[in-house]
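Inside the fold
One-letter residues, chain by chain:
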Amino acid sequence: MPTDASPAPARAGELYVVATPIGNLSDLSRRALETLAGADVIACEDTRTTRPLLSAHGIAAKTVALHAHNERTGSAKLLEALAAGQKVALVSDAGTPGISDPGALLVAAAHRAGVRVTPIPGPNAAVTAYCASGFIADRFLFVGFLPAAAGARRKALAGLKGDCPVIFYEAPHRVLDMVGDMAVAFGPARE
């Protein structure tokens, strides 16, 4: 019986977008643990932040950095790994990758390349904060980080007039300036 001498097609890799704990390492889901343990490589916003999480759960997978400064070149290398059939898990320092954290470029490129992208849901700082806020509304607006420069931040705030709760992310050292700018933009009656 003749055999086909052509090489077998490479198996497709898979990209897992894995949410990680916001503060308590015990908040990592069982599915996230299994996914991270089974990954060939874990793409991390900061490997120094992710290693203690992995270590706490006995996971010794290979880690690579994928952050704002290397996201384009890092994504290209990860796409090569995915094309070679590897399982790549994408994590941020805390919460869900791609939401005010690196990862969106890799996910978009994976989709364009026909790579299967699987979300592994878990903590998200915006939703967690909203659930504990006590606001009662049918909707909210998530803005993420506003510009750090005061003028640009004030201009962005001026364009956010509305009646629903608005969720921002802000660096700790800018919170007071941000709250002051919000009070001016939204007025004293706004909660």
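This text gives an overview of the structure that appears in the document. (Residues numbered from 1 in each chain as written. Predicted model: local features only at pLDDT ≥ 70, side-chain atom pairs only at ≥ 80, totals over all residues. Heavy atoms only, no water.)

Within the protein, the regular secondary structure consists of 7 helices and 7 strands. The order of helices and strands in the protein, counted from the N terminus, is β-α-β-α-β-α-β-α-β-α-β-α-β-α. The C-alpha atoms of the protein give a radius of gyration of 20 Å, which is well past the 16 Å a tight globule of 191 residues would have. Looking at the protein residue by residue over its 191 residues, the buried ones come to 39%. Sequence separation of 24 or more characterises 70% of the internal contacts of the protein that already satisfy a separation of 6 or more. Roughly 11,300 Å² of accessible area belongs to the protein as shown, and the carbon and sulfur atoms make up 58% of that amount. Distance from the positive charge centre (18 side chains) to the negative charge centre (17 side chains) of the protein: 3 Å. (Helix = DSSP H or I, 4+ residues; strand = E, 2+ residues; numbered from the N terminus. Rg over C-alpha atoms; globule rule 2.2 N^0.38 Å. Buried < 20%, exposed > 50% of the residue type's maximum accessible area, 1.4 Å probe, protein only. Contact = heavy atoms within 4.5 Å. Areas by Shrake-Rupley, 256 points an atom, 1.4 Å probe, with all protein chains shown as cover. Lys, Arg positive; Asp, Glu negative; His and termini not counted. Charge placed at Lys NZ, Arg CZ, Asp CG, Glu CD.)

If you want to describe how two helices pack, look at the angle between their axes and the distance between the axes. In contact at an axis separation of 9 Å, helix H3 (residues 71-83) and helix H4 (residues 104-112) are set at 40° when each is read in the N-to-C sense. Between H3 and H4, the angle is such that the two are oblique. Handedness of the crossing formed by H3 with H4: right-handed. Across the interface between the two elements, Glu71, Arg72, Ser75, Leu78 and Leu79 from H3 touch Ala104, Leu105, Leu106, Ala109 and Ala110 from H4. (Axes fitted to C-alpha atoms, helices over the stretch in contact; angles between N-to-C directions. Parallel < 35°, antiparallel > 145°, perpendicular 65-115°, else oblique. Left-handed = near helix turned anticlockwise from the far one by under 90°.)

As a further point, take the pairing of strand E7 (residues 166-169). On E7, burial covers both faces: Val166 and Phe168 on one face and Ile167 and Tyr169 on the other are all buried. Looking at chain direction, strand E6 (residues 141-145) and E7 are connected through 4 bridges and run parallel. Looking at the pairing, Phe145 lines up with Tyr169 of E7. This β-α-β element, E6 to helix H6 (residues 150-158) to E7, shows right-handed connectivity. (Pairing = 2+ DSSP bridges. Right-handed = clockwise from strand over helix to strand, strands pointing away.)

Now for the sheet that holds strand E5 (residues 116-120). Reading across the sheet, the 5 strands line up as E3-E2-E4-E1-E5 and stay open at both edges, with parallel pairing between neighbours. Edge positions in the open sheet fall to strand E3 (62-65) and E5, since each of these has one partner strand only. Sheet twist, expressed as the average angle between the axes of neighbouring strands with direction ignored, equals 25°. When strand E1 (residues 14-18) meets E5, the two strands line up parallel, connected through 5 bridges. By the bridge assignment for E5, Tyr16 is matched with Thr118. Sitting on the sheet, H4 is in contact with E1, strand E4 (87-91) and E5, with an inclination near 150° to E1.

With that settled, consider the pairing of E1. Within a regular beta strand, the side chains point alternately toward one face of the sheet and then the other, so they alternate between its two faces. Taken across its 5 residues, E1 has 5 buried, putting it largely inside the fold. The alternating pattern of E1 places Glu14, Tyr16 and Val18 on one face and Leu15 and Val17 on the opposite face, and all of these are buried. With 4 bridges joining them, E1 and E4 adopt parallel strand pairing. Considered in E4, the bridge of Leu15 is made with Val88.

Bringing the state of the cysteines into the picture now. Taken as a whole, this structure holds 0 disulfides when the rule is applied. The thiol sulfur of Cys131 is not disulfide-bonded, and the nearest other cysteine sulfur, from Cys164, lies at 15 Å. (Disulfide = S-S within 2.5 Å.)

Moving on: the environment of Asp93. Topologically, Asp93 is positioned in the loop between E4 and H4. When the C-alpha positions of Asp93 and Thr20 are compared, they lie 7.3 Å apart, and in sequence the two are 73 residues distant. Contact partners of Asp93, with chain neighbours within four places excluded, come to Thr20, Pro21, Glu45, Asp46 and Thr49. Polar side-chain contacts of Asp93 include one of 3.2 Å to the backbone nitrogen of Asp46. (Polar contact = N/O pair within 3.5 Å; in protein donor to acceptor, adjacent residues only side chain to side chain.)

On to the side chain of Asp181. Following the sequence through the fold, Asp181 ends up in helix H7 (residues 175-186). Every residue in contact with Asp181, bar those within four places of it in the chain, is listed here: Ala150, Arg153, Arg154 and Leu157.

Before going further, it helps to examine the side chain of Glu14. With respect to the helices and strands, the residue Glu14 is situated in strand E1. For Glu14, the residues in contact, after removing those within four places along its chain, are Leu82, Gln86, Lys87, Val88, Val115, Arg116 and Thr118.

With that settled, consider the nonpolar core. Grouped together as the largest cluster of nonpolar side chains are 15 residues, with contacts concentrated most on Leu15, Leu78, Val88 and Leu90. Going through the elements one at a time, E1, strand E2 (41-44), H3, E4 and H4 are the ones with two or more residues in this core. With 14 residues, the next largest nonpolar core counts Val18, Leu36, Ile42 and Leu54 among its residues. (Core = buried A, V, L, I, M, F, W, Y, C linked by side-chain atoms within 4.5 Å.)

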